[in-house]
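Next come the chains, spelled out residue by residue.
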Amino acid sequence: MVTHSHSVRSPQRSPRLRVTGGPRGALWALCLLPLAASAWADAARQDVECRDDAQLSQAAAELLLEAAEPAPSALEAALRRAGSDLVGVKLLYVPAAADEPSDWRRKLDDGRHGTPVCGRASGERASVLLYASRGGSLEVVGPEPGRLRGSLEAGFSRPQLIIANASGQLERLAPSLQQLRRGIPIAAELERPARIQLLAAGPDGPRPVAERLLPALEGQGVDPAQSWFHGEGGDPHDRLEQLRSAAGRSPLRSNRLLEDVARKHAKSVCDSGRVAHQLEAGGDPEQRLRAAGIRARRVGETVARAGSAAAAFDAFERSPSHRLTLLEPDFTDVGIGQAQRGDRSCLVVLTATWPHYVGR
């Protein structure tokens with residue numbers, strides 16, 4: 001999810017993880033989805049090495065037991081069971097009878113987006129390779145309820161924590177990097193299970209860089225996603241309206257000007273093969289609107305690429321940071337853009353507060 005507004009709640013001296021009410025403010029965050037090898041036919045990057053990651057290898061070994069190529073949901077579950085906090089992990093599944101693409105390393109990020117990490121498992125039927133670019137890390141330390149401690153890789157800054165409790169309530173904290181490194185206390189009253197994302201500003205704009213699931217205490221619920229995520233497919237406009245209505249938010253007006261900007265960006269995402277808010281210098285959401293002659297009090301954007309628009313919106317709903325932007329109460333208008341390239345669907349939801357045309 002993404003919002004270009006900088007009206008972020010000021011960090012407290014002693015922030016504590018909890019959820020006490022609805023979100024205030026908004027943020028950007030890219031939605032990076034697992035992609036099969038067939039979706040990698042993008043512009044080549046420089047060949048780079050990736051660091052072996054034990055948790056990725058453990059997840060790959062579990063996925064190797066699947067009867068066929070694993071679904072994205074299976075990938076996420078395997079990652080969390082392995083104890084990984086990585087997001088945006090991509091999967092290469094190679095049947096035993098097929099040759100592994102010789103240029104898969106060219107598909108790794110070139111270092112601008114974090115540290116490349118990989119995990120592999122091979123068997124008689126197939127090989128599974130998982131890779132990602134690590135932009136940050138999260139870990140829970142200390143006795144219950146514990147503290148959440150994090151760090152950022154070089155090139156990332158301005159950390160934010162997005163918390164979704166078991167009921168789907170959302171809250172954002174903006175700790176300093178020093179506070180994050182020391183560890184932030186997790187409030188005992190936080191309704192669990194809970195999902196917590198670490199966001200940071202990178203070369204292409206803010207995006208999730210790590211995620212942790214806080215398990216339910218004894219006698220409480222299950223996976224936090226199961227209590228408030230109910231992906232059912234359907235038109236993104238309808239799903240956005242239903243999502244906001246269920247959270248008590250006012251509906252958004254469809255805006256053709258926003259839709260045109262969103263559609264162009266969705267096409268650029270598909271054409272470039274990069275899930276980013278800023279595909280080139282001076283091209284963040286607010287700047288793209290200004291170039292189209294549009295001004296707004298606040299601007300928000302969520303971007304995803306998946307096998308279908310429905311799958312992309314599913315990812316928005318599962319991700320606390322993306323839900324936070326879609327549910328921002330101050331937004332008044334929306335434009336949704338979709339594009340298709342091969343087996344990839346690109347979805348951009350562009351939201352704004354009182355946008356108006358002032359000329360180019």
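Our subject is the structure listed above.
Note that this is a predicted model, so its numbers are computed, not measured.

Cut-offs applied
- Residues numbered from 1 in each chain as written.
- Predicted model: local features only at pLDDT ≥ 70, side-chain atom pairs only at ≥ 80, totals over all residues.
- Heavy atoms only, no water.
- Pairing = 2+ DSSP bridges.
- Helix = DSSP H or I, 4+ residues; strand = E, 2+ residues; numbered from the N terminus.
- Axes fitted to C-alpha atoms, helices over the stretch in contact; angles between N-to-C directions.
- Buried < 20%, exposed > 50% of the residue type's maximum accessible area, 1.4 Å probe, protein only.
- Salt bridge = Lys/Arg side-chain N within 4 Å of Asp/Glu carboxyl O.
- Disulfide = S-S within 2.5 Å.

Asks: Explain the sheet that holds strand S11 (residues 194-202) to me, please; I cannot follow it from the model alone.
Replies: As a general point, the strands of a sheet are linked pairwise by backbone hydrogen bonds and lie either parallel or antiparallel. The strand order S9-S8-S11-S12 describes an open sheet built from 4 strands, whose pairing is antiparallel. Across the chains shown, the open sheet's two edge strands, defined by having one partner strand only, are strand S9 (170-173) and strand S12 (205-214). The mean inter-strand angle of the sheet, taken between neighbouring strand axes irrespective of direction, is 20°. As judged from the 9 bridges shared by S11 and S12, these two strands associate in the antiparallel manner. Looking at S12, one finds that Gly202 is bridged to Gly205.

Asks: Please clarify how the pairing of strand S3 (residues 90-95) should be interpreted in this entry.
Replies: Each regular strand shows side chains that alternate between the opposite faces of the sheet. Of all 6 residues making up S3, 5 are buried, and the element is well covered by its neighbours. Pairing of S3 with strand S5 (residues 126-134), which is carried by 6 bridges, proceeds in the antiparallel orientation. When the bridges of S5 are listed, Leu92 appears paired with Leu129.

Asks: What's the story with the sheet that holds strand S10 (residues 184-185) in this structure? I'm lost.
Replies: The 3 strands are arranged S6-S7-S10 in an open sheet whose pairing can be described as antiparallel. Edge positions in the sheet fall to strand S6 (136-141) and S10, since each of these pairs with one other strand and no more. When S6 meets strand S7 (residues 147-152), the two strands line up antiparallel, connected through 6 bridges. In the sheet register, Val141 faces S7, and the bridge partner there is Arg147.

Asks: What should I look at first to understand the pattern of salt bridges in this one?
Replies: Side chains bearing opposite charge may pair, as long as their charged atoms lie close to each other. The final tally for this structure, using the stated rule, is 21 salt bridges. A salt bridge links Glu144 to Arg192; its shortest N-O distance comes to 3.1 Å. Of the two residues, Glu144 sits in the loop between S6 and S7 while Arg192 sits in the loop between S10 and S11, which places them 48 residues apart along the sequence. A salt bridge links Glu317 to Arg323; the shortest N-O distance between them is 4.0 Å. Comparing Glu317 with Arg323, the two get one shared label, buried. Salt bridges linked by common partners bring Glu76, Arg80, Arg195, Glu211 and Arg318 together as one network.

Asks: Would you explain the state of the cysteines in this entry?
Replies: What makes a disulfide is a covalent bond joining the sulfur atoms belonging to two cysteines. For the structure on display, the rule yields 2 disulfides. What pairs with Cys50 in a disulfide is Cys118, and their sulfur atoms sit 1.8 Å apart. With the S-S bond torsion at -120°, the cross-link from Cys50 to Cys118 turns out left-handed. With Cys50 in the loop between strand S1 (29-31) and strand S2 (51-52) and Cys118 in strand S4 (residues 115-122), this pair connects stretches of sequence that are 68 residues apart. Exposure class is identical for Cys50 and Cys118. Each is buried. Covalent S-S linkage joins Cys270 and Cys346, the inter-sulfur distance amounting to 2.1 Å. Residues Cys270 and Cys346 are joined by a disulfide whose S-S torsion is about 110°; by sign, that bridge is right-handed. Of this pair, Cys270 sits in helix H6 (residues 256-272) while Cys346 sits in strand S17 (residues 344-353), and the two are 76 residues apart along the sequence. Here Cys270 matches Cys346 in class, with each residue buried. Taken N- to C-terminal, the disulfide-bonded cysteines of the protein are connected 1-2, 3-4.

Asks: Hey, could you run me through the pairing of S7 in this one?
Replies: Residues Leu148, Gly150 and Leu152 of S7 are buried on one face, while the alternating residues Arg147, Arg149 and Ser151, pointing to the opposite face, are not. Turn length for the S6-S7 hairpin, with the two strands adjacent in sequence and antiparallel, is 5 residues, and the turn residue Gly142 shows positive phi of about 85°. Inspection of the sheet shows S7 paired to S10 by 2 bridges, in the antiparallel sense. Bridge pairing in S10 places Arg147 opposite Pro185.

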